[in-house]
Each structure stands twice: as structure tokens, then as C-alpha cells.
Amino acid sequence: MTYENVILDKEDNLATLYINRPKAMNALNRETLLDIKAVLMDVKNDSDVKTLIITGSGEKAFVAGADIAYMHNLSVSEARAFSQLGQDVFRMIELMEKPVIAAINGFALGGGCELAMACDIRLAAEHAVFGQPEVGLGVIPGYGGTQRLARLVGEGRAKELIFTGDTIKTPEAYRIGLVNHVYPGSELMDQAKKLAGKIARQAPLAVGYSKTAVGKGLQVDIDTGIGMESDLFGMCFATEDQKEGMKAFMEKRKPDFKTK
Ligand code: CO8
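These numbers were taken from a predicted model, which means no experiment stands behind them.

Reading the values: the criteria
Residues numbered from 1 in each chain as written. Predicted model: local features only at pLDDT ≥ 70, side-chain atom pairs only at ≥ 80, totals over all residues. Heavy atoms only, no water. Near = heavy atom within 4 Å. Polar contact = N/O pair within 3.5 Å; in protein donor to acceptor, adjacent residues only side chain to side chain. Areas by Shrake-Rupley, 256 points an atom, 1.4 Å probe, with all protein chains shown as cover. Helix = DSSP H or I, 4+ residues; strand = E, 2+ residues; numbered from the N terminus. Domains from an automatic or database assignment. Contact = heavy atoms within 4.5 Å. Buried area = accessible area lost by both parts, 1.4 Å probe. Salt bridge = Lys/Arg side-chain N within 4 Å of Asp/Glu carboxyl O. Disulfide = S-S within 2.5 Å. Pairing = 2+ DSSP bridges. Axes fitted to C-alpha atoms, helices over the stretch in contact; angles between N-to-C directions. Core = buried A, V, L, I, M, F, W, Y, C linked by side-chain atoms within 4.5 Å. Buried < 20%, exposed > 50% of the residue type's maximum accessible area, 1.4 Å probe, protein only.

Caption draft 1: Quick peek at the site of the ligand. Of all residues adjacent to the ligand, which total 24 residues, the nearest are Lys60, Ala64, Ala66, Ile68 and Gly111. Between the ligand and Ala64, the relevant distance is 3.0 Å, taken from a nitrogen atom to a main-chain nitrogen or oxygen of the residue. Residue Ile68 places a main-chain N or O atom 2.9 Å away from a nitrogen atom belonging to the ligand. Contact with the protein chains removes 63% of the 1100 Å² of surface that the ligand exposes when unbound. Every element with two or more residues in the shell around the ligand is listed here: helix 2 (68–71), helix 3 (76–95), strand 6 (107–109) and helix 4 (111–118). Element by element, the count of residues in the shell around the ligand is highest for helix 3, at 3 residues.

Caption draft 2: Expanded view of the domain arrangement of the chain. By the assigned domains, the chain splits into domain 1 (6–200) and domain 2 (204–250). For domain 1 versus domain 2, the distance between C-alpha centres works out to 27 Å. Residue-level contacts link 11 residues of domain 1 with 7 residues of domain 2. Counting each side, the surface lost to burial between domain 1 and domain 2 is near 660 Å², with a carbon and sulfur contribution of 55%. Looking only at domain 1, the three residues that lose the most surface to domain 2 are Lys50, Arg91 and Glu97, adding up to 55% of its buried area. Between domain 1 and domain 2 we count 1 salt bridge in total. If you look at where domain 1 meets domain 2, you find 5 residue pairs in polar contact (both at pLDDT 80 or more).

Caption draft 3: Expanded view of the state of the cysteines. Applying the stated criterion to the full structure yields 0 disulfides. Its sulfur unpaired, Cys119 is 11 Å from the next cysteine sulfur, which belongs to Cys113.

Caption draft 4: Fine view of the sheet that holds strand 8 (residues 129–131). Strand order in the open sheet formed by 4 strands is 4-6-8-9, and the pairing between neighbours is mixed. Each edge of the open sheet carries a strand with a single partner, namely strand 4 (61–63) and strand 9 (167–169). Neighbour-to-neighbour, the strand axes of this sheet turn through a mean angle of 20°, independent of strand direction. Its contacts with the sheet place helix 4 against strand 4, strand 6 and strand 8, and it is angled at close to 75° to strand 4.

Caption draft 5: Representation of the nonpolar core within the structure. If you look at the biggest cluster of nonpolar residues, it comprises 47 residues, and the most contacted ones within it are Ile19, Leu52, Ile54, Phe62, Ile104, Phe130 and Leu178. Formed by 14 residues, the second largest nonpolar core is a distinct cluster that contains Leu14, Ile101, Leu188 and Met189.

What follows is the structure, encoded as C-alpha cells:
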């Protein structure tokens, strides 16, 4: 299937989603969000795909935010619906039981920073720029930024970034824990693929259950969280991968996981 605003590339067990609106610095309009949603459904249902990388086309922008030209005349109810659409699409990333890596190749502002934050792991090019500049446009982050930024970097830092609209470069984003790793721009995709490959060699269901345990666990109290963890741990013992993984250890060989 071809999309107007994104490119989906599949190679072996890896899918790569490029946000592709070069004229608008890959800004997100309604159509782009719907394209992303369609790609997420595709990836979720494709048992051959183990990992998804999300990045921006070109070298300048990951995503420079929600599309301001599209938003500027929205009514209250239209703005709310546009916010909810982005929130729903980004939540699909978090709820999908496959790891999603953001390869942040340039500007990640507003909705772009929010998209990156919805991913499981963030790798950034040295030249990338992050921020939630919405208050300078008379609005607030609307794709989950007020919630995820505080969870990732802490309340004080999140409030300062959001209240000032300041942008930060990759080294500072790394320092405050917004990104996991920093690479020269020319190495970013290779490193993202390397990481995806490393994850793809693990037991797929176990990786998916881990994502669920961490993600859902962060939203509940510790006792509920560890209860959920033991349920999921038990469920692993109903999988072929657990049998193969432990048998391979006993036989001093590499496991050959068959689950898709
Ligand atoms: N929306 C629409 N068009 C954009 C956007 C954007 N977010 N960002 C860049 N563009 C367009 C520019 O208008 C320009 O178009 P044209 O060539 O037709 O004039 C083209 O991309 C290239 O941009 P610049 O010439 O500005 O390139 P620079 O290298 O000089 O600057 C920047 C790059 C710094 C990224 C600059 O473009 C910029 O500041 N962009 C806006 C960043 C921003 O404010 N993002 C936040 C938007 S608000 C948001 O994301 C809210 C999310 C929640 C929404 C909730 C739903 C209601």
C-alpha cells in the first residue's frame, strides 16, 4: 500500500516509517496522522515485523510539530478532535506489543517531540532539536506532551520546557533523559537498525509482554504493577519461546525463537 504523507519500508523483521512531508518539515496534519494510524495497524498485524523504527524524511526534521497552517482556523471542537486524533494514534504506539524506536534525525518540536516520546526508545542525531513551543503559539501541547514529558524528565524540567517554549539540543536532551543515545546524523539509521536487530533476536512475545508490563505498570501502584508482572511472567511459560530459550541455555547453544 502507498501513502501520501509517509513511507513504509519493510526489510526482514524490521519496518521503518518515514514521516514524509518535506515542504512542511514533516509537520503533522490530519491526513498524515491517518497515514501513521494505517501503518501502525499494518505493522501490528504483520507477524513478520518484529520492530518498528519511526523517523523523518530528509536530514532537517523528524517532525516540526502539528501543522500550524492546518490548525490556525480550527474551531474549539475541531481543535479538540484534532488533539484526540493525535493522542489516539500515539497511544497505539504505546499499546502495540512490538517495540518502537524513534530515530530523531532533526527538529522534534511540539507534536514531533510528542511523537518521539510515545515511542519506546529514542535515538537522536547530534544536530536534533527538541521542544514544546506551543505556548508561543497560544496553545498547549495536545498530543500527550504535558503527560509524557513530565513522566520522562520529571515535573520541574517538563514545566520549565513547556512554560518557556525553549528548545534544547540533543546533548541537553540526553542529559535530562529525553533520549537514550546520541549519534552523528550519518550513523543514526544504522544504529537504529542495529538496536532493532538486537531486540529482534530476543523472544518476541517476551519483548511484547515486557513492553506491556513496563507501560501499564507505570500507570498503577507498585502492588498492582508487580501483580501484573507475575501474571505476564506466568504467561511466558505457555510459550514455545520459554521452552526453547531455557533449553538452549541448558544445552549451551543460541536459542532459535520461532514465535512471530
Ligand atoms: N506546521 C506547518 N508548517 C511548518 C511547520 C509546522 N509545524 N514547521 C515548519 N513548517 C513549514 C514552514 O512554514 C516553511 O514552509 P514555507 O517554505 O512554505 O514557508 C517550511 O516548513 C520550512 O520551514 P522554515 O522556513 O521555517 O525552516 P527553518 O529551517 O527556518 O526553521 C523550524 C525550522 C525551526 C522547525 C521552523 O519551521 C519552526 O519553528 N516551525 C514550527 C515549530 C513549532 O512551533 N512546532 C509546534 C507546532 S504546535 C504543535 O505541534 C501542537 C501539537 C499538539 C496539537 C494538538 C491539536 C490541536
